[in-house]
Amino acid sequence: MTDSFVRVRGAREHNLRNVAVDIPRDSLVVFTGVSGSGKSSLAFSTLYAEAQRRYFESVAPYARRLIQQVGAPKVEEITGLPPAVALEQRRSAPTTRSSVGTVTTLSNSLRMLFSRAGTYPQATSERLDSDAFSPNTATGACPECHGLGRVHHVTEQSLVPDPDLSIRQGAIAAWPGAWQGKNLRDILAALGHDTDKPWRELPPEAREWILFTDEQPVVTVHPVRDATRIQRPYQGTYMSAKRYVLHTFADSKSETLRRRVRQFLVSANCPICAGRRLRPEALAVTFAGHNIAELAALPLDKLAQALRPAAEPTTPATEHAGQAAQHTAPITAPTTSAPAIQAPTGLDGIAAEVAATLARDLMARIEVLTELGLGYLSMDRPTPTLSAGELQRLRLATQLRSGLFGVVYVLDEPSAGLHPADSAALLTVLDRLKEAGNSLFVVEHELDVVRRADWVVDVGPRAGEHGGRVLYSGPVAGLAEVTESVTRAFVFPDAPSAPARTPRTPSGWLGLRGVRRHNLRGLDVELPLGVFTAVTGVSGSGKSTLITQVLAEVLTDHLGGVLEGTDQADPEPQSASAQGQAPDDAPVRLPAASGLAAVDRLIRIDQRPIGRTPRSNLATYTGLFDAVRKVFAATDEARARGYHAGRFSFNVASGRCETCQGEGFVAVELLFLPGTYAPCTACHGARYNPQTLEITYRGATIADVLELTVEAAADFLADVPAALRGLRALREVGLGYLRLGQPATELSGGEAQRIKLATELQRAHRGHTVYLLDEPTTGLHPADTALLLRQLHGLVDAGSSVFVVEHDMAVAAGADWVIDLGPGGGEQGGHIVAAGPPADVAAAQTSVTAPYLAAALHG
């Protein structure tokens, strides 16, 4: 490399407009700009993608098939670019087999510690391999629960919730609906069972057989005659309710069906392993009296304390004195404090040295995680329960221990989900990566990180087609002279902040008593209604558990199971910062509550994707595409041809391109290379067949309309009220730059959340509505945050209540009420440290949040 810069020329990825920029290596470089400005397109889709492309060119063609590749970026030239590692804000796969321990590889070291230095029962002839201590291997997993720790079964009460109903009236609620359910009822009648008698009056042996039998008798069914059609006898096969539920839950590929039958399952700890997921042989091995499941359940900071004595070399006298105690030490459940682990005793010199080496390695790696504010996590915490920010910081800590140098680390908002108190530790970790000889290219909105950068690349000035230009590339101080930059005003404010507004007065109170969930232990809390409430606290303090889990469940139960919005259809577990178990394991007992009568609706809005495939897009999700299709169906040509609105859906066979099935692209299989995607050769990406594209409205086809941005569509469809209402709502939350047909898979979490909010804003308000949002400003530029808050405060002005879990002190400072949880994370959290108007909480002496909130209040 001839100089110390990465030089980019002619970058045209996404909305980048022939960008040319020079970026220094061996520096902390922050990419800034409003959401959609093109900063991620430059950092990830151009720089990282090109680094990966060059690496893959050096890999054998056969090996390339095994690696997930990114496409070649649209750029003329990049020089001086080292190998790159990307740490993105991506959600983990929803499986409880992935945990904090597996992501960080801490589990490997702990399993090795037990294998090499654990104390085995006296009758054991040989040591177990480290795989025997993993619940994810055949040799280690409990044979009853297959390493999951929980088993699912059904009971008569879960299958038949209302025994006063007859079978014909639907007493067996677990059975499928429509024809399949009627078929099973008819089969029972053919077998001689009384389907009209209340369930509770049926003989016990009949109820037992109907629900739980493994038999599948085949009988001839004579359906009751239907006046509209003739139904002939048929051969029907019986399936018990238990068999149907377990078979559907285990084998169905339909998430809707699996979600439906899940409500009839009863989950419990595995009776063999008691939820510890391992075989008895592995659980019988101890390290200073504690099995591996007990140590893995400790918060990381407590685990480090527990391992400290073991990391110190032992003396022969200590070994001899403690040998007997090792074989008789009881296996007890972990308590709130670290177990008293002594130096490993009863071991020969080699085993003792191995134990000390592994313990020191574990402690060093845990120290980095604790620095990043993750000490409250336990090794057995499933990754689906982690927020995207927590997961990225776990990967960041792992990279710090990797020893790589000369690498470009491309990070996507490492401060996401991080309390201001932990930002200094994050910057320290980033500095250590840089000092090790690496370059850091960070996409970031947190102003503290921006101010500490060596170099800033500001992209904009606005979003979408109004962005895509590098406004400034240089030391941070120089940004103060770039008047076109939106970021400049927040890094270098020209005027003192406006005086804090007077907080609203609550219109009522919603009380929760004895909240017990994860690290909330008997919490009593009063939640104000009719105001904007910010719930603050360090990561893991219990904020999301209280608001997005407990409060959501209490209100859902009060409203008869009605949770409006989008999230109830998403099978992915709550991310948040919930402590402990996955959602399936969470207690179902709800706390005592008061004041519920004042709430009429509940809306939960989060940053999960609005769809999992490219078929879902902005237009279909918000419902405005229905209005667009009706407009095209109402044209003279469409009516002459008999085309209805369904014809203009790319999901309907009559109107879509059959070559690509309405996708707009086709998969291309390459010999010895991974498959790729290319525009459909028949429709060239338009998604529709030629006949459908012959219909135009104001000279535009339906495909042309999908290519319009929200702003352009608002002008084009100005006389279509049903569409204009949704388009205006999208513009009000700052999404005017998005294309109507932009696939859901291309949207950021912040964009997805604002789309959900816009969808709600266009609805007619009815009754008192409670809105729950979990870190709504994650991924948002301060300018976008101001736009979002304007809409949320508008909801409160309209008579609703808004609760936000938030780390952004600017949001908390502008709230009417602040509830601060803590004082720490995990076991050190779960308490209300302070509550009241922002100024009162800012004055709290015991609050970690208080000084940062005070700074935000005073500009």
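Rules used in this analysis
- Residues numbered from 1 in each chain as written.
- Predicted model: local features only at pLDDT ≥ 70, side-chain atom pairs only at ≥ 80, totals over all residues.
- Heavy atoms only, no water.
- Helix = DSSP H or I, 4+ residues; strand = E, 2+ residues; numbered from the N terminus.
- Buried < 20%, exposed > 50% of the residue type's maximum accessible area, 1.4 Å probe, protein only.
- Pairing = 2+ DSSP bridges.
- Axes fitted to C-alpha atoms, helices over the stretch in contact; angles between N-to-C directions.
- Contact = heavy atoms within 4.5 Å.
- pLDDT = per-residue confidence, 0-100.
- Salt bridge = Lys/Arg side-chain N within 4 Å of Asp/Glu carboxyl O.
- Expected span 1.5 Å × (residues − 1).
- Bend = angle between axes of the 7 residues up to and from the residue.
- Phe/Tyr/Trp six-rings, centres within 6.5 Å; stacked < 30°, edge-to-face > 60°.
- Core = buried A, V, L, I, M, F, W, Y, C linked by side-chain atoms within 4.5 Å.
- Arc of directions from axis to C-beta.

A. How the structure looks around the overall build of the chain. A tally of regular secondary structure across the chain gives 31 helices and 25 strands. Of all 859 residues assigned to the chain, the portion counted as buried reaches 53%.

B. Region of the structure containing the pairing of strand β3 (residues 28–32). Most of β3 is tucked away: 5 of the 5 residues are buried. Where β3 and strand β11 (residues 439–443) come together, 4 bridges link them in parallel fashion. Within β11, the position partnered with F31 by the bridge is V443.

C. A look at the sheet that holds strand β18 (residues 592–594). Spatial ordering of the open sheet is given by β15-β14-β18, a layout of 3 strands whose pairing is antiparallel. Each edge of the sheet is formed by a strand with only one pairing partner; in this case those strands are β15 (520–529) and β18. Pairs of neighbouring strands in the sheet enclose a mean axial angle of 10°, with direction left out of account. Both strand β14 (residues 508–517) and β18 contribute to a ladder of 3 bridges, which runs antiparallel. Counted as the bridge partner of R513 is A592 from β18. Contacts from helix α19 (residues 543–558) reach β14, β15 and β18, with the element oriented near 110° to β14.

D. Spotlight on the confidence of the model for the chain. Looking at the chain as a whole, the pLDDT averages 85, with 86% of positions reaching at least 70. When the elements of the chain are averaged for pLDDT, helix α13 (residues 316–328) gives the smallest value, 36, and strand β13 (residues 469–474) the largest, 98. A low-confidence stretch, residues 566–587 stays under pLDDT 50, and its non-local contacts, those more than four residues away or across chains, total 70 contacts. Per-residue pLDDT stays below 50 along residues 670–674; that stretch engages in 10 contacts with residues further than four places along the chain or on separate chains.

E. How the structure looks around the pattern of salt bridges. On inspection of all chains with the given rule, the structure shows 32 salt bridges. One salt bridge connects D164 with R200, and the closest N-O pair in it is separated by 2.7 Å. Taken together, the positions of D164 in the loop between α5 (156–159) and α6 (178–190) and R200 in the loop between α6 and α7 (204–212) put the pair 36 residues apart, joining distant regions of the chain. Ionic pairing is found between R432 and E371, a salt bridge with its closest N-O pair at 2.6 Å. Highlighted residues: R432 in helix α16 (residues 420–435) and E371 in helix α14 (residues 349–371), separated in sequence by 61 residues. Through salt bridges that share partners, D3, R7, R9 and D22 make up one connected network.

F. Seen up close, helix α1 (residues 39–57). Look at α1: 26 Å from first C-alpha to last across 19 residues, which is about the 27 Å you get at 1.5 Å a residue. The sharpest bend along α1 measures roughly 30° and falls at A49.

G. Spotlight on the sheet that holds strand β1 (residues 5–11). Read from one edge to the other, the open sheet built from 3 strands follows the order β2-β1-β4, with strand pairing classed as antiparallel. Each edge of the sheet is formed by a strand with only one pairing partner; in this case those strands are β2 (19–24) and β4 (77–79). Each strand axis lies, on average, 5° off the axis of its neighbour in the sheet, ignoring direction. Note that β1 and β2 share 5 bridges and pair antiparallel. Paired with V8 across the strands is V21, a residue of β2. Sitting on the sheet, α1 touches β1, β2 and β4, and the angle it makes with β4 is about 75°.

H. Seen up close, the packing of aromatic side chains. The final tally for this structure, using the stated rule, is 14 aromatic pairs. Their ring planes at 70° and their centres at 5.8 Å tell us that F5 and W455 sit as a pair that is edge-to-face. Of this pair, F5 sits in strand β1 while W455 sits in strand β12 (residues 455–460), and the two are 450 residues apart along the sequence. An angle of 80° between the planes, with centres 6.2 Å apart, marks the rings of W175 and Y238 as edge-to-face.

I. Spatial organisation of the pairing of strand β7 (residues 218–221). Because side chains alternate across β7, one face comprises the buried residues V219 and V221, and the other comprises V218 and T220, none of which is buried. Bridging between β7 and strand β8 (residues 234–237) involves 4 bridges; their strand directions are antiparallel. Residue pairing for β8: V219 is matched across the bridge by G236.

J. Summary view of the nonpolar core. Of all hydrophobic cores here, the largest spans 80 residues; its most connected members are F532, L740 and L792. With 7 residues, helix α21 (residues 624–633) is the largest single contributor of residues to this core. Apart from residues lying up to four places away in sequence, F532 is in contact with R504, L789, L792, H793, V796, V802, V804, V811, A815, D816 and W817. Of all hydrophobic cores here, the second largest spans 70 residues; its members include L295, L374, L447 and V476.

K. Focus on helix α31 (residues 850–857). Taken together, the buried positions of α31 are A850, L853, A854 and L857. Seen along its axis, α31 keeps its buried residues to an arc of 100°; they face one direction. Buried residues in α31 make contact with α29 (809–813) and α30 (838–842). Once α31 finishes, G859 follows within two positions and takes phi at roughly 70°, a positive value.

L. Region of the structure containing unusual backbone geometry. Note that the residue after G460, namely P461, is joined by a cis bond; omega there is 5°. Following the sequence through the fold, P461 ends up in the loop between β12 and β13. Along the chain, G822 connects to P823 via a cis peptide bond; the corresponding omega equals 5°. Residues other than glycine seldom take positive phi values, yet R277 does so here, at roughly 75°. Turning to its location among the elements, R277 is positioned in the loop between β9 (266–269) and α10 (280–283). With phi around 55°, H518 is a residue other than glycine that occupies positive phi space. Structurally, H518 can be placed in the loop between β14 and β15.

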